[in-house]
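Overview (structure and organization)
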Amino acid sequence: MIDVFLKKLRSRDVVSEAEEARLRAIMVREHRADKGETVVQMNQPMSESLLLVEGLACRYKDMRDGGRQILELNIAGDFVDLHAFLLKTLDHNIGALTPCSFIWVRHDDLTQLTEDMPHLTRLLWLQTVLDAAIHREWVMSLGRRPARARLAQLFIELHERLAIVGLARDGIYALPLTQMELAEISGLTTVHVNRTLKVLREAGLVTIRGGKVRIENLAGLRDAAEFDATYLNLVNRPR
Amino acid sequence: MTLTKQYGRVLADGGARDGVLIFANDELAAVFVELISEDVDGVAVPGKWYLEAGFGPCGSLETLTPEPFSTLRLATDWVDRCLPVRKT
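For clarity, every value in this text was computed on a predicted model and none was experimentally measured. (Residues numbered from 1 in each chain as written. Chains lettered and ligands numbered in written order. Predicted model: local features only at pLDDT ≥ 70, side-chain atom pairs only at ≥ 80, totals over all residues. Heavy atoms only, no water.)

What to know about the packing of aromatic side chains
Per the stated rule, a full pass over the model turns up five aromatic pairs over all chains. An angle of 85° between the planes, with centres 5.7 Å apart, marks the rings of Phe5(A) and Phe79(A) as edge-to-face. One end of the pair, Phe5(A), is in helix 1 (residues 3-10); the other, Phe79(A), is in the loop between strand 5 (68-74) and helix 3 (84-87), with 74 residues separating them in the sequence. In this pair, the class of Phe5(A) matches that of Phe79(A), namely buried. Ring plane angle 70° and centroid distance 6.1 Å describe the contact between Phe32(B) and Phe69(B), whose orientation is recorded as edge-to-face. Of this pair, Phe32(B) sits in strand 3 (residues 27-34) while Phe69(B) sits in the loop between strand 4 (49-54) and helix 1 (72-82), and the two are 37 residues apart along the sequence. Of the two residues, Phe32(B) and Phe69(B), neither departs from the other in class, the shared state being buried. Taken together through their ring pairs, the aromatic side chains of Phe32(B), Phe69(B) and Trp78(B) make up a single cluster. Positioned above the aromatic ring of Tyr60(A) is the side chain of Arg68(A), whose terminal nitrogen or guanidinium carbon lies 4.8 Å from the ring centre. (Phe/Tyr/Trp six-rings, centres within 6.5 Å; stacked < 30°, edge-to-face > 60°. Helix = DSSP H or I, 4+ residues; strand = E, 2+ residues; numbered from the N terminus. Buried < 20%, exposed > 50% of the residue type's maximum accessible area, 1.4 Å probe, protein only. Lys NZ or Arg CZ within 6 Å of the ring centre and 35° of its normal.)

The structure is reproduced here in structure tokens:
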């Protein structure tokens, strides 16, 4: 069940058999979430963290007027709220954007793991460090990228992240998001999302149809987004 | 507050659209465009009058772009609500 998580870890370092065995031992309790379900509410006490193994989820916050900002998209293999292990309460909600399969991981088990296995601890730490890097890139998008580059950046980032866990191939991947959800990610209105997708399509860069993204011109899309993959740290090295 | 309208073509992001400029006491407060099907492809939008640009109390300092309005009357009502009450 956690193969996708191991794949993500092994894209950036070696995971020993003993480390894999420990992860498999503590990652067992499955939680299936329906599309649209809020899996974790902010400000609640937490004694477990959620690993996403299937589906598309997000971190989000609501405004008083009903507006929602999606702060990060989570894909299979993401340890969605590992930071709750230390924070014990989240400053954001976690929602399922599609039917999702999660695994609850007890904080007590993580505490024991961090005391027994320093290298595996560093690999888990790396997961939250990567999340922070993604957040920085999203701030960059929301603050400085025009609409066209903002969506271009999103589509390339997802391509790179999904490719690591084998869910993107030849520039094609599933992204069953509504234009409202793309608006909540990009800070644009649905009208502007629609217009921007049209511009990207007409420029021969990327097509979104039937819940699938098809990147037609990766180099062109990278250029449109001023994309630099450094923040994703796609390097396999000792940690 | 007197709101007046001036119709004209607007060079919107999706291409030129029919639009209307809303003036509040002769000061430009908002520009709405009439959406066409290309603007709302696959999106359930409740209306067709979209705030293309807002100024002052209708601008980004004070508001987020509202969902499109189904009638121009509702759009101008929104402008009216944004504007502060001025003593004359």
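Considerations on the sheet that holds strand 2 (residues 15-24) of chain B
Within the open sheet, the four strands sit side by side as 1-2-3-4 (chain B). Their pairing is antiparallel. A strand with exactly one partner marks an edge of an open sheet, and here the two such strands are strand 1 (3-12) and strand 4 of chain B. Averaged over all neighbouring strand pairs, the angle between strand axes comes to 30°, with direction disregarded. Of the strand pairs in this sheet, strand 2 of chain B and strand 3 of chain B are connected by six bridges, and their pairing is antiparallel. Residue pairing for strand 3 of chain B: Val20(B) is matched across the bridge by Phe32(B). Packing against the sheet, helix 8 (residues 190-202) of chain A makes contact with strand 1, strand 2, strand 3 and strand 4 of chain B, and its axis sits at approximately 90° to strand 4 of chain B. Relative to strand 1 of chain B, helix 1 of chain B is tilted by about 110°, and along the sheet it contacts strand 1, strand 2, strand 3 and strand 4 of chain B. (Pairing = 2+ DSSP bridges. Axes fitted to C-alpha atoms, helices over the stretch in contact; angles between N-to-C directions. Contact = heavy atoms within 4.5 Å.)

Remarks on the interface of chain B and chain A
In many analyses, interface size is given as the accessible surface area lost on bringing the parts together. Taken together, the contact pairs 17 residues of chain B with nine residues of chain A. Together, the buried faces of chain B and chain A total about 1100 Å²; carbon and sulfur atoms form 47% of this surface. Taken together, the links from chain B to chain A amount to one salt bridge. A salt bridge links Glu52(B) to Arg195(A); the shortest N-O distance between them is 2.9 Å. Each residue belonging to the side of chain B that touches chain A can be placed in one class, and the counts come to eight nonpolar, two polar and seven charged. (Buried area = accessible area lost by both parts, 1.4 Å probe. Salt bridge = Lys/Arg side-chain N within 4 Å of Asp/Glu carboxyl O. Nonpolar A, V, L, I, M, F, W, Y, C, P; charged D, E, K, R; others polar.)

Notes on the packing of helix 4 (residues 107-116) of chain A against helix 5 (residues 118-144) of chain A
Residues and elements named next belong to chain A. Between helix 4 and helix 5, whose axes approach to 6 Å, the crossing angle comes to 125°. With respect to each other, helix 4 and helix 5 are oriented oblique. Contacts between helix 4 and helix 5 involve Leu110, Leu113, Thr114 and Asp116 from the first element and Pro118, Leu120, Thr121 and Leu124 from the second. Broken down by class, the residue content of the contact of helix 4 with helix 5 amounts to five nonpolar, two polar and one charged. (Parallel < 35°, antiparallel > 145°, perpendicular 65-115°, else oblique.)

Let's talk about helix 8 of chain A
Residues and elements named next belong to chain A. Between its first and last C-alpha, helix 8 extends 18 Å over 13 residues, near the 18 Å set by a 1.5 Å rise per residue. Burial runs high along helix 8: ten of the 13 residues are buried. Every buried residue of helix 8 is listed here: Thr190, Val191, His192, Val193, Asn194, Arg195, Thr196, Leu197, Lys198 and Leu200. Immediately downstream of helix 8, the backbone of Gly204 shows phi near 75°, a positive value. (Expected span 1.5 Å × (residues − 1).)

Focus: the sheet that holds strand 9 (residues 172-174) of chain A
The strand order across the open sheet formed by four strands is 8-9-11-10 (chain A), and the pairing between neighbours is antiparallel. For this open sheet the edge positions go to strand 8 (168-169) and strand 10 (206-209) of chain A, each flanked by a neighbour on one side alone.

Quick word on the confidence of the model for chain B
All names here are of chain B. On average, chain B scores 88 in pLDDT, and the residues at 70 or more come to 89%. Confidence, read as mean pLDDT per element, is least for strand 2 in chain B (94) and greatest for strand 3 (96). Scoring of the predicted complex yields 0.93 for pTM and 0.85 for ipTM. (pLDDT = per-residue confidence, 0-100.)

Remarks on the pairing of strand 5 of chain A
Residues in a regular strand point their side chains to alternate faces of the sheet. All names here are of chain A. Of the pairings in the sheet, the one linking strand 4 (residues 57-62) to strand 5 comprises six bridges and is antiparallel in character. Residue pairing in the sheet places Lys61 in a bridge with Gln69 of strand 5. Taking the residues that link successive antiparallel strands as the turn, the strand 4-strand 5 hairpin has five residues, and the phi of Gly66 there is positive, at about 95°.

What to know about the nonpolar core
Within the largest apolar cluster, 63 residues are counted, with the highest numbers of intra-cluster contacts made by Met27(A), Leu73(A) and Phe155(A). In terms of residue count, helix 6 (residues 147-164) of chain A provides more of this core than any other element does, eight residues in total. With residues up to four places along the chain from it excluded, the contact list for Met27(A) reads Ile2(A), Phe5(A), Leu51(A), Phe79(A), Ile103(A) and Val105(A). Counting 16 residues, the second largest nonpolar core, distinct from the first, contains Trp49(B), Cys58(B), Ala75(B) and Val79(B). (Core = buried A, V, L, I, M, F, W, Y, C linked by side-chain atoms within 4.5 Å.)

Some details on the pattern of salt bridges
Residues and elements named next belong to chain B. The tally for this structure, following the rule as stated, stands at 22 salt bridges over all chains. Among the ionic pairs, Glu34 bridges to Lys48, the shortest N-O distance being 3.3 Å. Residue Glu34 is located in strand 3, and its partner Lys48 is located in the loop between strand 3 and strand 4; the two are separated by 14 residues in the primary sequence. Among the residues examined, Glu34 registers a relative accessible area of 25% and is labelled partly exposed. Judged by relative accessible area, Lys48 falls into the partly exposed class, the value being 36%.

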